[in-house]
Amino acid sequence: MAENIPEVILNDGVKIPGIGFGTYKMNGAEGVEGMKKAIDLGYRLLDSAFNYENEGAVGEVVRQTLVPREELIVCSKLPGRHHAYAEALNTIQESLYRGGLDYYDLYLIHWPNPRVDLYVEAWQAMIEARKRGYIRSIGVCNFLPEHIDRLVKETGVKPSLNQIELHPFFNQEEMRRYHAEQGIVTESWSPLGRASRLLEDPRIGSIAEAHDKSISQIILRWHVQLGALPIPKASSTEHQLDNLRIFDFELTADEMQVISSLNSGRLWNQDPAVYEEF
Ligand SMILES: NC(=O)c1ccc[n+]([C@@H]2O[C@H](COP(=O)([O-])OP(=O)(O)OC[C@H]3O[C@@H](n4cnc5c(N)ncnc54)[C@H](OP(=O)(O)O)[C@@H]3O)[C@@H](O)[C@H]2O)c1
């Protein structure tokens, strides 16, 4: 069990670990085994979504692991097709039934889908769900400042966290600054760029050599030093372990700068101002 994972305190007082475990594409019995291994190694935050169709597997992991429920942070997400108030509340309840859980620690609106313009209603449902005890902490994914400002203006409730695409090819400087000003935690999805050419980058490679670490470890450490919370997905035990061993070294300011300078844009052309996901 990795005991050196720092704790992050959200703006509503909920405490979560400084690294999470991505579960996209971890489904069924194989997914359960992979996630259970991750928990054995020390991960405590499982990032799922209604649309990953693995809330059932996540719930099974919660029941099978010896780690007490209150030590786990289980996260799921509301899909874009269920933003209307009553549907959103039903979907959150359905998420609980699918997982066989009494509550989610974290629940996020998956995409704002601004053209449809129902994300404020979805947020009102999330606020109600938290009041009813279905969810401990409510947040968003892929929201731009204009979307978050509107949530706050219309409901008075600020998200605890915004999960956004963030990796060295897309370092999200502006969003990170906005979150820091607002007291919202930045969580990084695809923190390793989904193992694309990012993991072969020679400039990160030289930094990895200097620290006797893997390229993935250097990238994840970069996230942590930026003040972002990465949620790498890894089905292999070797990768899962590799990704946890990032709290025993530090990158210099120059090294941070080299990695940040790789910024070139989104990897999947999913600009939340126009991209939609249902
Ligand atoms: N909110 C959203 O819209 C959104 C969008 C995308 C993703 N997410 C969340 O973010 C999580 C992470 O993102 P992601 O799954 O897209 O990509 P990722 O975590 O950036 O990359 C995962 C890939 O990296 C490989 N990998 C992991 N650790 C490695 C290591 N140490 N060395 C070499 N390769 C390594 C994995 O291989 P193996 O699996 O073979 O070990 C897998 O192919 C998702 O699982 C999901 O929970 C959220």
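Please refer to the structure higher up on the page.
As the structure is a prediction and not an experimental result, all values here were calculated from the model.

1. Brief notes about the overall build of the chain
Move 1: Assigned secondary structure in the chain consists of 10 helices and 10 strands.
Move 2: Taking 19 Å as the expected radius of gyration for a compact globule of 278 residues, we find that the chain reaches 18 Å, a close match to that expectation.
Move 3: Referenced to the eigenvectors of the C-alpha coordinate spread, the extents of the chain come out at roughly 55 × 40 × 30 Å.
Move 4: Considering only contacts in the chain between residues 6 or more positions apart, those separated by 24 or more positions represent 74%.
Move 5: Total accessible area computed for the chain in this model is approximately 12000 Å², and 47% of it derives from carbon and sulfur atoms.

2. Observations regarding the nonpolar core
Move 1: The biggest cluster of nonpolar side chains holds 69 residues, and the ones touching the most others in it are Met-35, Ile-92, Trp-123, Ile-218 and Leu-251.
Move 2: The element contributing the most residues to this core is helix H4 (residues 119-131), with 8 residues.
Move 3: Leaving out residues up to four positions away in the same chain, Ile-92 has contacts with Leu-78, Tyr-107, Ala-125, Met-126, Ala-129, Tyr-134 and Ile-135.
Move 4: One finds Leu-10, Ile-16, Leu-106 and Leu-229 within the second-largest nonpolar core, a separate group that totals 15 residues.

3. Thoughts on the sheet that holds strand S3 (residues 21-22)
Adjacent strands of a sheet pair through backbone hydrogen bonds, lying either parallel or antiparallel.
Move 1: Spatially, S3-S4-S5-S6-S7-S8-S9-S10 is the arrangement adopted by the 8 strands of the open sheet, whose pairing is parallel. Edge strands, defined here as strands with exactly one partner in the open sheet, are S3 and strand S10 (228-230).

4. Overview of the side chain of Glu-255
Move 1: Relative to the helices and strands, Glu-255 is located in helix H10 (residues 253-260).
Move 2: One buried charged side chain, Glu-255, makes no salt bridge at all; its nearest oppositely charged neighbour is Arg-221, positioned 8.9 Å away.
Move 3: In terms of polar contacts, Glu-255 uses its side chain to reach the side chain of His-211, at 2.9 Å.
Move 4: Only 2.8 Å separates the side chain of Glu-255 from the backbone nitrogen of Thr-252, close enough to count as a polar contact.

5. Structural notes on the pairing of strand S8 (residues 161-165)
Move 1: Where burial is concerned, most of S8 is hidden: 5 out of the 5 residues are buried.
Move 2: Regarding the hand of the β-α-β motif, the stretch spanning strand S7 (residues 135-141), helix H5 (residues 145-155) and S8 is right-handed.
Move 3: Sheet topology note: the S8/strand S9 (residues 185-189) ladder contains 5 bridges and is parallel. Considered in S9, the bridge of Ile-164 is made with Ser-188.
Move 4: For the segment spanning S8, helix H6 (residues 173-182) and S9, crossover handedness is right-handed.

6. Here we look at the site of the ligand
Move 1: Residues in close proximity to the ligand total 29 residues, the closest being Asp-47, Ser-190, Arg-194, Ser-235 and His-239.
Move 2: Contact distances for the ligand include 3.0 Å between an oxygen atom and a backbone N or O atom of Tyr-24.
Move 3: Coverage of the ligand by the protein amounts to 87% of the 920 Å² it exposes when considered alone.
Move 4: For the shell around the ligand, the element with the highest residue contribution is helix H9 (residues 237-244), accounting for 3 residues.

7. Digging into the pattern of salt bridges
Move 1: Applying the stated criterion across every chain, the model contains 15 salt bridges.
Move 2: Notably, a salt bridge pairs Lys-77 with Asp-47, separated by 2.7 Å at the nearest N-O pair. Taken together, the positions of Lys-77 in strand S5 (residues 73-78) and Asp-47 in strand S4 (residues 45-47) put the pair 30 residues apart, joining distant regions of the chain.
Move 3: We classify Lys-77 as buried; its relative accessible area is 0%.

8. Describing the state of the cysteines
Cysteine pairs can be linked by a disulfide, which is a covalent bond between their two sulfur atoms.
Move 1: The full count for this structure, using the stated rule, is 0 disulfides.
Move 2: Left without a disulfide partner, Cys-75 is nearest to the cysteine sulfur of Cys-141, which lies 6.8 Å away.
Move 3: Accessibility expressed as a relative area gives 1% for Cys-141, which makes it buried.

9. A short note on helix H7 (residues 202-211)
Residues lying three or four places apart along an α-helix face the same way, a consequence of the helix completing one turn every 3.6 residues.
Move 1: The set of residues buried in H7 consists of Ile-204, Gly-205, Ile-207 and Ala-208. Axial view of H7: buried residues confined to an arc of 165°, hence all on one face. Among the exposed residues of H7, those pointing more than 90 degrees away from its buried face are Pro-202, Glu-209 and Ala-210.

10. Some points on the packing of H5 against H6
Move 1: Packing of H5 against H6 brings their axes to within 11 Å, and their N-to-C directions diverge by 20°. One way to sum up the angle between H5 and H6 is to call them roughly parallel. Each of Pro-145, Ile-148 and Asp-149 in H5 lies in contact with H6, whose residues at this interface are Met-175, Tyr-178 and His-179.
Move 2: The class makeup of the residues in the contact of H5 with H6 is 4 nonpolar, 1 polar and 1 charged.

11. A word on helix H3 (residues 85-99)
Move 1: Taking 1.5 Å as the rise per residue, H3 with 15 residues should run 21 Å; its terminal C-alpha atoms sit 21 Å apart, in good agreement.
Move 2: Buried-residue contacts for H3 involve helix H2 (55-64), S5, strand S6 (104-109), H4 and S7.
Move 3: Count one or two residues on from H3 and you reach Gly-100, which has phi positive near 60°.

Conventions we followed
Residues numbered from 1 in each chain as written. Predicted model: local features only at pLDDT ≥ 70, side-chain atom pairs only at ≥ 80, totals over all residues. Heavy atoms only, no water. Helix = DSSP H or I, 4+ residues; strand = E, 2+ residues; numbered from the N terminus. Rg over C-alpha atoms; globule rule 2.2 N^0.38 Å. Contact = heavy atoms within 4.5 Å. Areas by Shrake-Rupley, 256 points an atom, 1.4 Å probe, with all protein chains shown as cover. Core = buried A, V, L, I, M, F, W, Y, C linked by side-chain atoms within 4.5 Å. Buried < 20%, exposed > 50% of the residue type's maximum accessible area, 1.4 Å probe, protein only. Pairing = 2+ DSSP bridges. Lys, Arg positive; Asp, Glu negative; His and termini not counted. Salt bridge = Lys/Arg side-chain N within 4 Å of Asp/Glu carboxyl O. Polar contact = N/O pair within 3.5 Å; in protein donor to acceptor, adjacent residues only side chain to side chain. Right-handed = clockwise from strand over helix to strand, strands pointing away. Near = heavy atom within 4 Å. Disulfide = S-S within 2.5 Å. Arc of directions from axis to C-beta. Axes fitted to C-alpha atoms, helices over the stretch in contact; angles between N-to-C directions. Parallel < 35°, antiparallel > 145°, perpendicular 65-115°, else oblique. Nonpolar A, V, L, I, M, F, W, Y, C, P; charged D, E, K, R; others polar. Expected span 1.5 Å × (residues − 1).

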